[in-house]
Amino acid sequence: MKDRVLLALLIIILWIFLILIKVYLPEIPSTLFVLAFMILYCLILAMAQMWIKIRSRKTPLNVDKPEYSPLVNIFIPAHNEELVLSATIENLIKIDYPKYNILIINDRSKDNTAQIAKELSEKYPEKVKYHTRPDDAFPGKSAVLNDAFNMTDGEVICVFDADAKVEPDFLSKMIPYLADEEVKAVQARKVMLNKNTNILTQCQHYEYCMDVNVQLGRDSLRAAVELRGNGQLIKRSAVEAVDKWNLNTVTDDLDMSTRLHVKNYIIRLCTDTCVKEEAVESFKAIIRQRKRWAEGSIRRYLDYSDQIIFSKEVSRKLSLDMLAYFSEFVLPVWLISDFILQVVYILAGGTPQILSNLLVLAAIGAFFITLLFSSILKFERCGILFAFIASIKTAIFVIILWTIVVISVVFKIIFTKRSMKWYKPDRVAGNS
């Protein structure tokens, strides 16, 4: 009930703000405020990255502490993963790190996942174990991770999706970040295994480039870097401090990120290595996936809003960054609300701002293209023309997708009951 009330209240405040702009600043399009905020936020992130780069040249950052080599428990939640599980374990077993083991958690699968997990544990008895949850077990990935957590004792927990692929030096490059006592978790860069399948998988891959670029800026500020589920490492002590994973969330990674942040814990981003995963290949599947992501993300901000804003335990830097990042969900609602108010304003005999708004919306589109362009050039080996064309296509994809998804999820949160469902995208065996 709390999330419904808070979200409805936020929308009412937004509408009051938009109406006041129309009354007291009738010549200024409200969308101009959106553009200004987006530019300011990204400029801060970019300047932070530049400062870290300059500082590291003068005083190289040293995260190489070979004496820190904790035992790592790798968790693989698996729900109907017969197409990809075997290839993933064969990949992970090649990790070049002295102290790790793998636990496959078969979560009520109806296919051959359990048998494959059993065969893998028999093939690699010293490295791979498996556990099958009963059919009446509490649903959701968080519950799966909690079960695995209770069965292990490693100092560091590593979570992979069942389609993950990494290089052998993955842990060797990730673990040094955790040598810092203040750092409680680290997330690897995510890339798409099947990025060249179609235009949708390409756009998802380049969208991830943009996300990593933004997260890198947050990392430079030591602000609210977020875990992304696949390829994340968390210290056991931190998981215990927040009472493990939240059973009442559809996005375990984002919820865990916020719970760590409200403890004022630091999460780092590692771009020296990556985890590869499958992109969903149809628009229907993308909509379903992003609705879950958006719902989980909005709900966790609403659930922990009092701690984010008022807790003395959270640094102001973290609070401001989380609030700024929450605006990504406010912006689509703002734009749609502004359009509706424009129609009402025109019908009431007011002077329309259609042309001005269209110009600002075009500028917002140009902003996304610029951010994507710089991100693609940073992380992809490609030419300027290729990056420019890819950034245009991806900007259109992101703007349309995010507007549809956020508006849909806002209505769902306000007007429907919270439900728990672990949605797993369809796998494609050829990508393994």
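Residues numbered from 1 in each chain as written. Predicted model: local features only at pLDDT ≥ 70, side-chain atom pairs only at ≥ 80, totals over all residues. Heavy atoms only, no water.

A. A look at the overall build of the protein chain. A tally of regular secondary structure across the protein chain gives 14 helices and seven strands. For the protein chain, the C-alpha radius of gyration of 22 Å lies close to 22 Å, the compact-globule estimate for 432 residues. Once the C-alpha set of the protein chain is aligned to its principal axes, its extents read approximately 75 × 55 × 45 Å. Across the 432 residues that make up the protein chain, the buried fraction comes to 53%. Within the protein chain, contacts between residues at least 6 apart in sequence are counted, and of these 82% link residues at least 24 apart. Counting every atom, the protein chain has about 19900 Å² of accessible surface; 63% of that belongs to carbon and sulfur. Averaging the positions of the 53 positive and the 47 negative side-chain charges in the protein chain gives two centres separated by 3 Å. (Helix = DSSP H or I, 4+ residues; strand = E, 2+ residues; numbered from the N terminus. Rg over C-alpha atoms; globule rule 2.2 N^0.38 Å. Buried < 20%, exposed > 50% of the residue type's maximum accessible area, 1.4 Å probe, protein only. Contact = heavy atoms within 4.5 Å. Areas by Shrake-Rupley, 256 points an atom, 1.4 Å probe, with all protein chains shown as cover. Lys, Arg positive; Asp, Glu negative; His and termini not counted. Charge placed at Lys NZ, Arg CZ, Asp CG, Glu CD.)

B. Geometry of the pairing of strand 2 (residues 100–107). Burial runs high along strand 2: seven of the eight residues are buried. Crossover connection from strand 1 (residues 72–78) via helix 3 (residues 85–92) to parallel strand 2: handedness right-handed. Two elements, strand 2 and strand 3 (residues 128–133), share six bridges in a ladder whose sense is parallel. Its bridge partner lying in strand 3, Asp107 is registered against Arg133. Following the backbone out of strand 2, through helix 4 (residues 113–123) and into the adjacent parallel strand 3, one traces a crossover that is right-handed. (Right-handed = clockwise from strand over helix to strand, strands pointing away. Pairing = 2+ DSSP bridges.)

C. Region of interest: the environment of Ser337. Position of Ser337 relative to the elements: it lies in helix 12 (residues 316–347). Here the alpha-carbon distance between Ser337 and Ile11, two residues 326 residues apart in the chain, equals 9.2 Å. Aside from chain neighbours lying at most four places away, what touches Ser337 is Leu14, Trp15 and Leu18.

D. Highlighting the sheet that holds strand 2. If you trace the seven strands from one edge of the open sheet to the other, you get 3-2-1-4-6-5-7, paired in mixed fashion. Every interior strand has two partners, whereas the edge strands, strand 3 and strand 7 (266–277), have only one. Across the sheet, the axes of successive neighbouring strands diverge by a mean angle of 20°, strand direction being ignored. Bridge count between strand 1 and strand 2: seven bridges; the pairing is parallel. Residue pairing across strands places Phe75 opposite Leu103, the latter belonging to strand 2. Here helix 3 sits on the sheet and contacts strand 1, strand 2 and strand 3; the angle it forms with strand 2, its principal contact strand, is near 170°. (Axes fitted to C-alpha atoms, helices over the stretch in contact; angles between N-to-C directions.)

E. Broad picture of helix 3. Along helix 3, the residues classified as buried are Leu85, Thr88, Ile89, Asn91 and Leu92. Down the axis of helix 3, the smallest arc covering the buried residues is 160°, so these residues share one side. In this fold, the buried residues of helix 3 make contact with strand 1, strand 2, helix 4 and strand 3. (Arc of directions from axis to C-beta.)

F. Here's a closer look at the packing of helix 10 (residues 283–303) against helix 12. Contact geometry of helix 10 with helix 12 gives a least axis separation of 11 Å together with a crossing angle of 140°. When the axes of helix 10 and helix 12 are compared, the pair comes out oblique. Both helix 10 and helix 12 take part in a crossing whose hand is left-handed. Listed contacts from helix 12 to Ala294, Ser297, Ile298 and Tyr301 of helix 10 are Met322, Tyr325, Phe326 and Phe329. (Parallel < 35°, antiparallel > 145°, perpendicular 65-115°, else oblique. Left-handed = near helix turned anticlockwise from the far one by under 90°.)

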